[in-house]
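Listed here are the chains, written in short residue letters.
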Amino acid sequence: MSVIHRTTLAPTKLELLAEWLPTRPWYVGSPRPELDRSGGFRLDDPQGEVGMEFMVVTDTSGEEPTAYFVPLTYRGAALDGAQDALVGTTEHGVLGKRWVYDGFHDPVLTAQLLALLDGRAEPQAQSVSDTPDPSIERACTVSPLGSATGRAADGPDGTDLALTDGPVLHVNRVLRPGSLPEGAAGHVSGPWRTPDDEGVRGVFAVLRPA
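Quick caveat: nothing in here was measured; it's all calculated off a predicted structure.

### So, the overall build of the protein
Check the secondary structure of the protein and you find two helices and 14 strands. In terms of overall dimensions, the protein is globule-like: its C-alpha atoms have a radius of gyration of 16 Å, near the 17 Å expected for 210 residues. Dimensions of the protein along its principal axes, counting C-alpha atoms only, are 40 × 40 × 35 Å. Buried positions account for 49% of the 210 residues belonging to the protein. The long-range share in the protein, meaning contacts at least 24 apart out of those at least 6 apart in sequence, stands at 57%. Here the protein displays about 10,100 Å² of accessible surface, and carbon together with sulfur accounts for 49% of that area. Side-chain charges in the protein split into 17 positive and 29 negative, and the spacing between the mean points of these groups amounts to 3 Å.

Okay, here's the thing in structure tokens:
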């Protein structure tokens, strides 16, 4: 199980994301986001090497608040061939220098996200060590799931990852409260909080059939 350290990060995750988010094709906000943490969960790396966090952040810089789903991985060394997925580096008060990546472009995170859909991985609380998060729901009608066929593709409505057996895993980067779209072969959903401290729920990722 991953251990949550109560320590410092310099720069912080939100500071890194404020620089990185405006460079994404699915970002719809201003050039200077004003970010707050709104929710999220974690998954464990079976090898215990890579930290994985599925953050929900809300940008309040525009006319209307916008929530974004941002999976991140934290590594103790650079990931080969993933320079374009690097969010930034930060100094961790316990672990030292950490390389922070857009997790949907990190093979460790994508493998564990597929394991979650498959029922082989258990979501963990975002800020408490060794504590499952029952608020995260998953379902899948395709079993077993195949593996990724290549790199994830970012577009204006989110990020897609094609699987070997035909389906496409689509990650909703801009979050909206609501129910599962019709025809989905699987999904991961969960809660977050609005700037008014209202609890809402929506779909983080959808498995689209071939």
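### Points about helix α1 (residues 13-20)
The set of residues buried in α1 consists of K13, L16, L17 and W20. Down the axis of α1, the buried set is contained in an arc of 95°. They therefore lie on one face. Where α1 is buried, its residues meet β1 (9-10), β2 (35-43), β3 (51-59), β4 (66-75), β5 (86-92) and β6 (96-102).

### Observations concerning the environment of A111
Within the secondary structure, A111 sits in helix α2 (residues 107-118). On the basis of relative accessibility, which here comes to 38%, the residue A111 falls in the partly exposed class. Measuring from C-alpha to C-alpha, the distance between A111 and D45 comes to 9.5 Å, with 66 residues separating the pair along the chain.

### Here's the deal with the packing of aromatic side chains
Counting across every chain of the model gives eight aromatic pairs. Ring centres of W26 and Y68 lie 6.2 Å apart, and the angle between their planes is 45°; on these two criteria the pair is classed as tilted. Placement of the pair is W26 in the loop between α1 and β2 and Y68 in strand β4, with a sequence separation of 42 residues. What makes W26 buried here is its relative accessible area of 0%. Taking 6.2 Å as the distance between ring centres and 20° as the angle between the ring planes, the aromatic pair formed by F41 and F204 counts as stacked. Here the residue F41 occupies a position in strand β2, and F204 occupies one in strand β14 (residues 199-208), the gap between them amounting to 163 residues. With a relative accessible area of 0%, F41 lands in the buried category. Every member of this aromatic cluster is reached through a ring pair, and the members are F41, F54, F69, W192 and F204.

Calculation criteria
Every chain begins its residue count from 1, and numbering advances along the sequence as written. Only residues with pLDDT of at least 70 get local features here, since the model is predicted, and only at 80 or more are side-chain atom pairs given and counted; chain-wide, interface and lining totals rely on the full set of residues. As a rule here, side-chain values cover all heavy atoms of the structure and leave hydrogens and water aside. Helix and strand assignments come from DSSP, with helices taken as H or I runs of at least 4 residues and strands as E runs of at least 2, each series counted from the N terminus. For a compact globule the rule gives 2.2 Å times the number of residues to the power 0.38, and the radius of gyration it is set against comes from C-alpha atoms. Only protein chains enter the accessibility calculation, which uses a 1.4 Å probe. A residue is then buried if its area is under 20% of the maximum for its type, exposed if over 50%, and partly exposed in between. Two residues qualify as a contact provided that any one of their heavy atoms is within 4.5 Å of a heavy atom in the partner residue. Surface accessibility follows the Shrake-Rupley procedure with a 1.4 Å probe radius. Residue values consider only the protein chains on display as shielding. We score Asp and Glu as negative and Lys and Arg as positive, and we do not count His or the chain ends. A single reference atom marks each charge: NZ on Lys, CZ on Arg, CG on Asp, CD on Glu. The arc in question is the one traced by the directions running from the helix axis out to the C-beta atoms. We call Phe, Tyr and Trp rings a pair once their centres come within 6.5 Å, taking the six-membered ring for Trp, and we label the pair stacked below 30 degrees between planes, edge-to-face above 60, and tilted otherwise.

Note that all results are geometric; they support no functional claim without further evidence.
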